2 protein chains.
Amino acid sequence: MKTDLELMGQKSQVAAQEIAQLSTDQKNKILNLMAQKLIEESHRIVAANQIDLAQAQDMPAKFIDRLLIDESRILGMAHGLQQVAQLADPIGDVERAWVNHVGLKITQQRVPLGVIGLIYEARPNVTVDASALCFKAGNTVILRGGKEALQTNLVLAEVLRNVLKESGINPDAIQIISETSHELANEFMRLSDYLSVLIPRGSKKLIQAVVKNATVPVIETGAGNCHVYIDESADEKMAVKIVENAKCQRPSVCNSAEKLIINEKIATQLLPKIAEELASSHVLLRGDQKVQAILGGKVQPATAEDWETEYNDYILAIKVVSDIDEAIQHINRYSTHHSEAIITNDYQNSQKFLNQIDSACVYVNASTRFTDGFEFGFGAEIGISTQKMHARGPMGLRELTTTKYLIQGSGQIRE
Amino acid sequence: MKTDLELMGQKSQVAAQEIAQLSTDQKNKILNLMAQKLIEESHRIVAANQIDLAQAQDMPAKFIDRLLIDESRILGMAHGLQQVAQLADPIGDVERAWVNHVGLKITQQRVPLGVIGLIYEARPNVTVDASALCFKAGNTVILRGGKEALQTNLVLAEVLRNVLKESGINPDAIQIISETSHELANEFMRLSDYLSVLIPRGSKKLIQAVVKNATVPVIETGAGNCHVYIDESADEKMAVKIVENAKCQRPSVCNSAEKLIINEKIATQLLPKIAEELASSHVLLRGDQKVQAILGGKVQPATAEDWETEYNDYILAIKVVSDIDEAIQHINRYSTHHSEAIITNDYQNSQKFLNQIDSACVYVNASTRFTDGFEFGFGAEIGISTQKMHARGPMGLRELTTTKYLIQGSGQIRE
């Protein structure tokens, strides 16, 4: 006897066979219809969101802001759907093709992953954004959002499902789990007979819980203890500008810098300028003993814990190193392998940093804030993978696909 | 306080930074030295193998054959090492490169995965083959072989490690776990702070245990419930030849056919010829009612369990379908998504099968036995992935790598 979740998995697999065969035009037409329908159903969506907001009135303002859906945010979601419709469809792309030694024509072609499980938290727009990306890449999706956004998510999913139904497409291409217990979440993470992959989106705590409990292959996203290293030869103005941007432009996101590593030969001269620049954004500085000696009262002592902490806040920990090798060693040890930058004017050091830093994105003379599907030109982003399997770095539509080998013969057998 | 296994993981990570930076020439030189050293140390290896063989004397002959290492098998392993040295090195290959909207030069380059965990069973040659492939792709490896081959594996690993040591390379690039308890295997599967990926090689039981218990990303390999579908329009001689080859050429391996699906319009005429051909190899036939009606006493009834069973033996289950759609539906339901073939002379049906079958390798008019890294021209094979994440189908050196993005700027910050 199958559980409710297994039945959802089965329905999603059935729908996946249909969705995988849709043409690009069919998918785009549906995405544009979904955009239209979201706007038409604005009142219902906002009304459902009011119920969620009423439940959340004791939560912090930041949380409520993430949960809130109003007319303008619905327009934003609709615009997002239209943008996904305009993206190039990776399905059918040929990665490689060749003829083997007995004349078999082998073609490695891009195909959908199949059934994607998505676990996320309070932001209801993920329901729409993620469904759109999965659908455009020919996949079906089973959504499991946070309980705080449940009423909003249920209505959003219903609107999208209705468009599928009215277009004669199996609506089970988009399903949402309406029970938000932890037990069910755990069962979901172990639904390996049905899910091709599980993508968690949200806090570090959520992602770690999924990695620890899942038997379904997981794409780990988002942890970002990012470093900027200022080399002895750095252009000072550029260094100040990049540190300020990497730390302050949007400190709450994963590609913001959390650590500054600086060469001792430039530290005494440059750190006060950086501290001054960051003071205008009220950044709290923590530093090792050498940093404290340079900055005095402007910096608090950094503890061992600081080096591995992702603050997502106006805090920056600073360490002085004697050379680039010490910087690389420190970064490779404490980084979450997301994004790291070197500011340098030394060619050899730029190459050394690019070669030896073991992270998804390694920068020379640019802000870590560019690690982003849109900035990379992918036109979309389902998350930023910090693991090495399957996808690494910003994930667009292509990363929501796999490949299969098509082999055309004329009666070949193996001797 | 770190456990012994965590310490091995840590050592492997340290070594991984060094191995990742080796040039192709350096790696090839070491692989060739390893080949030479294996031959020089033949006597020691065979002596250790004798200890394992003595322990295994009550095991079946098939098992003992897998475990046995003699001079000729050592030559085979040495030759394998030399072949890996000759393969093209994927490290440094550029997958994509472009300039983004603010002038950042973005290069997606192939880099090693890092630390690879390998869990395998009785065949000691895996110790050498897998270590060589991991090393050539710039990775370090931690090996956990079966307890039956422990003495042989320890000596093989020691020989390889000595070559590294004598070449001035960190020998922890190849480490072997000398304790073979299940508890330790379970700890190994959860060593996610150190292992980038875990590859199980061996029986279905082993692979399923790893998939169920691991928190480290796993590449699932080897399960092969492969189908051959004979379409109405098939060339009869070709069909008989391919079925015979797919079933009988080497029934113990994962790319052999386990099921024959046949169109009812050709079944009455063709099945007796296939049965006759397979009788010469003493293949046991099982069939549904229609097959039984055609073949009478030459076939036993197939049970529901047969459709999902991988026999790895001289057994073939046969099902009659009314059309290609029924065939595709049956295959997508029961297949392990490894390799499936259609024998047809109908263009539309060939395309339909290629498009709709959801397996790693889909064949038209060829034997499923070609799903193999060597037959594909990869020059090597670490396994055949039946999952959709990271790698699908035969895995060569390229599949033992990941990518990173190198981003070169001139002071860009995000506005």
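Conventions we followed
Residues numbered from 1 in each chain as written. Chains lettered and ligands numbered in written order. Predicted model: local features only at pLDDT ≥ 70, side-chain atom pairs only at ≥ 80, totals over all residues. Heavy atoms only, no water. UniProt positions renumbered as here; feature names shortened; annotations may be inferred. Contact = heavy atoms within 4.5 Å. Buried area = accessible area lost by both parts, 1.4 Å probe. Salt bridge = Lys/Arg side-chain N within 4 Å of Asp/Glu carboxyl O. Polar contact = N/O pair within 3.5 Å; in protein donor to acceptor, adjacent residues only side chain to side chain. Buried < 20%, exposed > 50% of the residue type's maximum accessible area, 1.4 Å probe, protein only. Helix = DSSP H or I, 4+ residues; strand = E, 2+ residues; numbered from the N terminus. Pairing = 2+ DSSP bridges. Axes fitted to C-alpha atoms, helices over the stretch in contact; angles between N-to-C directions.

As recorded by an unreviewed UniProt entry, chain A carries the name Gamma-glutamyl phosphate reductase and is attributed to Ligilactobacillus ceti DSM 22408. Per UniProt, chain A carries the Subcellular location (unreviewed entry) text "Cytoplasm". Under the UniProt heading Sequence similarities (unreviewed entry), the note attached to chain A is "Belongs to the gamma-glutamyl phosphate reductase family."

**Student:** Sorry if this is basic, but what is going on with the interface of chain A and chain B here?
**Tutor:** Much of the literature gives interface size as the accessible area that the parts lose upon coming together. Opposite the 74 residues of chain A that make contact, chain B presents 73 residues. Summed over both partners, the interface of chain A with chain B buries about 6,000 Å², with 52% contributed by carbon and sulfur atoms. Broken down residue by residue, the surface that chain A buries against chain B is led by Met-389, Tyr-405 and Arg-414 of chain A, which jointly contribute 14%. The partner of Arg-96 of chain B in a salt bridge is Glu-399 of chain A, and the shortest N-O contact between them spans 3.8 Å. Connecting chain A to chain B are 47 residue pairs in polar contact (both at pLDDT 80 or more).

**Student:** Help me understand helix H13 (residues 324-334) of chain B, please; the structure alone is not making it clear to me.
**Tutor:** Note that an α-helix has 3.6 residues per turn; residues three or four places apart therefore point the same way. For H13 of chain B, the complete set of buried residues consists of Ile-324, Ala-327, Ile-328, His-330, Ile-331, Asn-332 and Tyr-334 of chain B. Looking at the buried residues of H13 of chain B, the elements they touch are helix H1 (4-19) of chain A together with strand S7 (226-230), strand S8 (257-263), strand S11 (315-321), strand S12 (339-343) and helix H14 (347-356) of chain B. For H13 of chain B, the N-terminal capping position is held by Asp-323 of chain B, with its side-chain oxygen 3.3 Å away from the main-chain nitrogen of Asp-325 of chain B.

**Student:** Explain the sheet that holds strand S3 (residues 115-120) of chain B here, please?
**Tutor:** Within a sheet, each strand pairs with its neighbour through backbone hydrogen bonds, oriented either parallel or antiparallel. Residue and element names in this part refer to chain B. Spatially, four strands are ordered S5-S4-S3-S6 in an open sheet, and the strand pairing comes out parallel. Edge positions in the sheet fall to strand S5 (174-176) and strand S6 (197-201), since each of these pairs with one other strand and no more. Neighbouring strand axes in the sheet, compared pairwise and without regard to direction, differ in orientation by 20° on average. Sheet topology places S3 next to strand S4 (residues 140-144); five bridges connect them, and they run parallel. Bridge pairing links Gly-117 to Ile-142 in S4.

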